[in-house]
Amino acid sequence: MTRHCIKSNTITILSVLTISVFTILLGQNTLEADSKVKTIAVFPFEVIAKEDTSFIGKGMGRMLCSRIGSDDAIQVKCMDRLPSAYGLDLGGSSMAGKTAGVTELNGVDYILLGSVTIAGTSVSSDAKLVDILRPEQVKFISAAGMGVGDIMQQASTISEKVRAAITGNSGKIGNEESSRAIMNSHFAEQPLQDKIPAAPLKVITEQIQPVAATAISSFGSSTLLIQKLDMEIRGIATSDIDGDGKLDMAVMDNHRISFFTFANNTLVKQGVYDGKYYNSNISIDAFDTNGNGKNELFVTSIGKNNYLKSYIIEWNGREFKPLAEDSEWYFKVVAFHGKDRLIGQQRGHDEVFGSAIYQLEFSGNKIIQQEKIAAGNFAIFGFSPLQKKKSGNSNIMESDSCLWFDKSGFLNLGDARGIIEWKSGQSLGSTALFIEQDKGRDNLKERTYINNRVVTGDINSDGVVEIITVSNSDVAKGYLSGYKKFNQGNIQVMAWKNGLIDDLWKGNPVTGYISDFNVIDMDGDTYPEIVYSVVMDKGVVMSNANSTVFIEKIVARHK
């Protein structure tokens, strides 16, 4: 009896095992069928807004491509035009028949399209996920937020729901580095550093900040002045404007130049100059061309159809007097062979910037073109000549080189023809100002952003020329082509050494972005201060901004 029971149990166990193995094998076959890589075509989103912001729709498409493609079970085809550009009407049924004639959509299982609606500071995104073979099963997804910067989070929300709908997995999957998206480039997102907000006016006692271990000499900073101004500062010029032998400051917004003197660590307004309301200021520099002890202000301004309408003004003791108007030059003042020089560049035939940069002279209320400084593919903003000291103890300077920012915000070092010798490892951003060109009825408007200033000089008296510039972090991380929104910035000090440009010091990050800066000895101790302006953006696209002026002493102690 016992032996019978054992035999029956053995048969039962074997039967269960057989059924279980069969079930597992069947499940594996089913899983393999379900785990087939699905392909989705992602179109740029339409943008519903008062302004022409169609570039935001393209940016949304790119972000969705990257995020959806991070799932190994999904392959993404990133379309570069709206469905209508392919002759597609994606409404109704027979979706497979409608897409059959579009080569780019061959083999696609799903289509994702949608819109971004901007109303004031409110931004919402609405997406529609369509199954090609079952077009009646449409999934609608929406997300909303405040400000264009929230589009990145909206893209993440939509992409998670799309992945879940396609794979059945509702969790976050993978990361952007493993993306299967078919794209031209990939932009990684980096965590933000700690931010230091602008403070009300006060004088701060010296606080030397620790320097990185890789520094050549010990750098730090002490803040001398912080003052808020209710305006969007686009540029600053620190110089003797009224001829009294003391340094003053001119700050520039869209149409106005405001003149300040310094008194008891406070900026005191002395006067303003209102430019033409239909022109936009993009740059300001100060330079004494007539030798009367008062620095004229050279303002680059853009008029209708992007025509240059630059002007030169001088303080006459009571007000600013225009010396020249409607000039067809971009102006900049740079250090060249130890002296400040006025340089200029004109527009190209179809380009924002022409190919050559010239030294200029202003005489008899006329701009006179002098020798050619550089002839490469440069933009005058973010350009500076550079003399590099040879390694060792030699005081002989190497031949002249040039520093310049390219369109993507990378700092380059090379010769006056634009042949690159060194390039920064990452983009340092730009200012928030741009010149917009219409590239045709069927194309997006193209924005050329104005690059940050580059200043060279021996700020710590060690015989080596340092390079001072700004790094502004773009919250869109390059996803929104033609759109930049900066969330923090900092001053950087670098130097040429052993065939490379080394970082010597980075200032504390400030919330917002640094719109401009000057390097000048404010207190006469032979060590220069850095004067810079920080803009806080409260609106969707640079509206309702306010600014803060900082003056910091860069402290250097040799090891």
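Because the structure is predicted, anything quoted here is derived from the model rather than measured.

**Q** If you had to explain the overall build of the protein to someone new, which residues and values would you point to?
**A** When helices and strands are tallied, the protein shows 4 helices and 33 strands. Expressed as a percentage of the 559 residues in the protein, the buried residues total 48%. Looking at the protein alone, contacts between residues at least 24 apart form 53% of all its contacts between residues at least 6 apart. Carbon and sulfur atoms form 49% of the exposed surface of the protein, whose accessible area is close to 27200 Å².

**Q** Tell me about the nonpolar core, and name the residues and values.
**A** Formed by 27 residues in total, the largest nonpolar core has its most connected members in I40, V42, L64, I68, L112, V116 and V162. Contributing elements (two or more residues each) for this core: β1 (38-42), α2 (54-68), β3 (74-78), β4 (110-119), β5 (122-131) and α4 (151-167). Of all the elements, α2 adds the most residues to this core, at 7 residues. Judged by nonpolar contacts, the second largest core, of 22 residues, contains V334, F336, F383 and I450.

**Q** How would you sum up the sheet that holds strand β12 (residues 280-287)? Please name residues and give values.
**A** Read from one edge to the other, the open sheet built from 4 strands follows the order β12-β13-β14-β15, with strand pairing classed as antiparallel. The open sheet has two edge strands with one neighbour each: β12 and β15 (320-327). Within this sheet the neighbouring strands show an average axis-to-axis angle of 20°, counted without direction. Note: strand β14 (residues 310-315) against β15, 5 bridges, orientation antiparallel. Its bridge partner being in β15, I312 is matched across the sheet by A324.

**Q** Give a detailed account of α4, specifying residues and quantitative values.
**A** Helix length check: α4, at 17 residues, gives a terminal C-alpha distance of 24 Å against a target of 24 Å (1.5 Å per residue), a fit within 8%. If you check which residues of α4 are buried, you get I151, M152, Q154, A155, S156, I158, S159, V162, R163 and I166. Of the surrounding secondary structure, the elements contacted by the buried residues of α4 are β1, α2, β3, β4, β5 and β6 (138-146). Downstream of α4 by one or two residues, G168 has phi in the positive range, about 80°.

**Q** So what about the packing of aromatic side chains? Which residues, and what values?
**A** Counted by the stated rule, this structure contains 17 aromatic pairs. Relative to Y358, the ring of W329 lies with its centre 6.3 Å away and its plane at 85°, an arrangement referred to as edge-to-face. In this pair, W329 sits in the loop between β15 and β16 (330-336) while Y358 sits in strand β18 (residues 357-363), placing the two residues 29 residues apart along the sequence. On the basis of relative accessible area, W329 is assigned to the buried category, the value being 8%. When the ring of F378 is compared with that of F383, the centres are 5.3 Å apart and the planes differ by 50°; the resulting orientation is tilted. On the basis of relative accessible area, F378 is assigned to the buried category, the value being 3%. Joined through ring pairs, the aromatic side chains of F259, W315 and F320 make up one cluster.

**Q** Tell me about the side chain of R67, and please be specific about residues and values.
**A** Examined against the element boundaries, R67 turns out to sit in helix α2. In terms of polar contacts, R67 uses its side chain to reach the side chain of S156, at 2.9 Å.

**Q** For unusual backbone geometry, give the residues involved together with the corresponding values.
**A** Positive phi outside glycine occurs at D326, with the angle close to 55°. Within the secondary structure, D326 sits in strand β15. Backbone geometry places N365, a non-glycine residue, at a positive phi of 60°. Here N365 lies in the loop between β18 and β19 (366-374). Since its relative accessible area comes to 49%, N365 is described here as partly exposed.

**Q** Quick rundown of the environment of Q437? Include the residues and the values.
**A** Along the chain, Q437 turns up in strand β24 (residues 434-438). On the basis of relative accessible area, Q437 is assigned to the buried category, the value being 8%. Each C-alpha atom of the pair Q437 and T448 lies 8.1 Å from the other, and the pair is 11 residues apart in sequence. A distance of 3.3 Å separates the side chain of Q437 from the backbone oxygen of D350, its partner in a polar contact.

**Q** Describe the confidence of the model for the protein, with residues and values.
**A** Atom-level detail of predicted coordinates should not be read off regions where pLDDT is low. Looking at the protein, the pLDDT average stands at 78 and 75% of residues meet or exceed 70. Contacts for the low-pLDDT stretch residues 171-217, under 50 throughout, to residues beyond four places or in other chains number 110 contacts. When the criterion is pLDDT under 50, residues 390-399 qualifies, and its contacts beyond four places in sequence or with other chains add up to 13 contacts.

**Q** Tell me what's going on with the pairing of strand β13 (residues 296-302), and back it up with residues and numbers.
**A** Burial analysis of β13 places 7 of its 7 residues in the buried class, which makes it a mostly covered element. Covered by surrounding structure in β13 are E296, F298, T300 and I302 together with L297, V299 and S301, the residues of both alternating faces. With 7 bridges joining them, β12 and β13 adopt antiparallel strand pairing. In the sheet register, I284 faces β13, and the bridge partner there is V299. The sheet contact formed by β13 and β14 spans 3 bridges and is antiparallel. Each residue of the ladder has a partner; that of L297, found in β14, is I313.

**Q** Provide a residue-level description of the pattern of salt bridges, including the pertinent values.
**A** With the rule as written, the count across this model stands at 14 salt bridges. Across the pair K506 and D503 runs a salt bridge, and its minimum N-O distance is 4.0 Å. Under the relative-accessibility criterion, K506 is labelled partly exposed at 41%. With relative accessibility at 37%, the residue D503 sits in the partly exposed group. Linking E529 and K553 is a salt bridge whose minimum nitrogen-to-oxygen distance equals 2.1 Å. Here E529, found in strand β32 (residues 529-536), pairs with K553, found in strand β33 (residues 546-557); they are 24 residues apart in sequence, far enough to count as distant. Take E529 and K553: they sit in the same class, and that class is buried. A single salt-bridge network, built from bridges that share partners, covers D285, K332, R453 and D516.

**Q** Now, about the side chain of N472: what can you tell me, with residues and values included?
**A** With respect to the helices and strands, N472 occurs in strand β27 (residues 466-474). Accessibility expressed as a relative area gives 3% for N472, which makes it buried. Beyond its immediate stretch of four places on either side in the chain, N472 contacts L428, G429, S430, N452, F486, Q488, G489, Y513 and I514.

**Q** Summarise the pairing of strand β23 (residues 420-423); cite the residues concerned and give the values.
**A** Note: strand β22 (residues 411-414) against β23, 3 bridges, orientation antiparallel. Paired with G414 across the strands is I420, a residue of β23. What sits between β22 and β23 in their antiparallel hairpin is a turn of 5 residues, with G418 showing a positive phi close to 95°.

Cut-offs and rules
- Residues numbered from 1 in each chain as written.
- Predicted model: local features only at pLDDT ≥ 70, side-chain atom pairs only at ≥ 80, totals over all residues.
- Heavy atoms only, no water.
- Helix = DSSP H or I, 4+ residues; strand = E, 2+ residues; numbered from the N terminus.
- Buried < 20%, exposed > 50% of the residue type's maximum accessible area, 1.4 Å probe, protein only.
- Contact = heavy atoms within 4.5 Å.
- Areas by Shrake-Rupley, 256 points an atom, 1.4 Å probe, with all protein chains shown as cover.
- Core = buried A, V, L, I, M, F, W, Y, C linked by side-chain atoms within 4.5 Å.
- Pairing = 2+ DSSP bridges.
- Axes fitted to C-alpha atoms, helices over the stretch in contact; angles between N-to-C directions.
- Expected span 1.5 Å × (residues − 1).
- Phe/Tyr/Trp six-rings, centres within 6.5 Å; stacked < 30°, edge-to-face > 60°.
- Polar contact = N/O pair within 3.5 Å; in protein donor to acceptor, adjacent residues only side chain to side chain.
- pLDDT = per-residue confidence, 0-100.
- Salt bridge = Lys/Arg side-chain N within 4 Å of Asp/Glu carboxyl O.

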